[in-house]
Amino acid sequence: MPSAEQTVIDIIAADPWAMDILWVARKLSLPDWAIGAGFVRSLVWDRLCGFTQRTPLNDIDIVYFDAANTGREVENAAEARLTADRISQVWSVRNMARMHIKNREPAYRDTAHAISQWLETPTAIGISLTADDQLRLVAPHGVEDLLAGRVRPTPNGQRKIKEYRARVAQKNWPLRWPRVQVEGLA
C-alpha cells in the first residue's frame, strides 16, 4: 500500500494537465521552486470526490526561494513567459525570500519553510518536477488532512486565527467538495 505522500504524488502524476503545468514551470529554472496551494489541493479533492471535470483554478501559484534576488523583475518575467507559453492559465510567481514582509512574519529559510507558514493544512503543500522527472512533494504538515478532506489551521493559522477564519469562509470549500470538513471556526 502506498504511503499518503505517494498517494498524492500518484494523483498528480496521473493527470496529464498537471504534469504539463509542472513541466512548463520547471523550464523557468527557478531555485527551490514548487507549485502549491490550490493546484495540489483542488486536484486531490477532485479525484477523491470522483469528479470527472477539474475544478478551475483562480491561478497557478509558483513559489521559489532566491535570497540573492528579491526584486519583482524575475517574478514578472516568469509570469510573462508562462503566459506566453500557456495563455489560458493565470499565473502567480512569488519569491518566498521576500514574502515574509508582506505576511508580517520573520524571514523564511527556504520554500518549504514559507509553505509551512500558509494558514491551512491542505493548502500548505507544494509539488515540483526535478531535472530527472521525479515529482518532489513539499508537505511540512503532512498530507493526511488533504487526503481526509479536512481543513485545519497550521500552527501559523492558529496564531492568525482571524485571517484563517476569514480565508476559509471566503473560500467555502465544502460548497464545491461536500466531503470537506472545516475545523477551527469556533
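Look a little higher up for the structure.
Notes on the structure in this doc start here. For clarity, every value in this text was computed on a predicted model and none was experimentally measured.

Considering helix α3 (residues 38–48)
Among the eleven residues in α3, nine count as buried, and that is most of the element. Every buried residue of α3 is accounted for by Gly38, Phe39, Val40, Arg41, Ser42, Leu43, Val44, Trp45 and Asp46. The first or second residue beyond α3 is glycine 50, which carries a positive phi of 75 degrees.

Brief notes about the pattern of salt bridges
Overall, the coordinates contain 15 salt bridges when judged by the stated rule. Taking the shortest distance from any N to any O, the salt bridge between arginine 54 and aspartate 15 comes out at 3.2 Å. Within this pair, whereas arginine 54 is found in the loop between α3 and β2 (60–64), its partner aspartate 15 is found in the loop between α1 (4–13) and α2 (16–26), the two being separated by 39 residues in sequence. Among the residues examined, arginine 54 registers a relative accessible area of 37% and is labelled partly exposed. In this structure, aspartate 145 and arginine 152 form a salt bridge, with 2.7 Å as the shortest nitrogen-oxygen distance.

Conventions adopted
- Residues numbered from 1 in each chain as written.
- Predicted model: local features only at pLDDT ≥ 70, side-chain atom pairs only at ≥ 80, totals over all residues.
- Heavy atoms only, no water.
- Buried < 20%, exposed > 50% of the residue type's maximum accessible area, 1.4 Å probe, protein only.
- Helix = DSSP H or I, 4+ residues; strand = E, 2+ residues; numbered from the N terminus.
- Salt bridge = Lys/Arg side-chain N within 4 Å of Asp/Glu carboxyl O.

Everything listed here is a matter of coordinates, which is why it stays silent on function.
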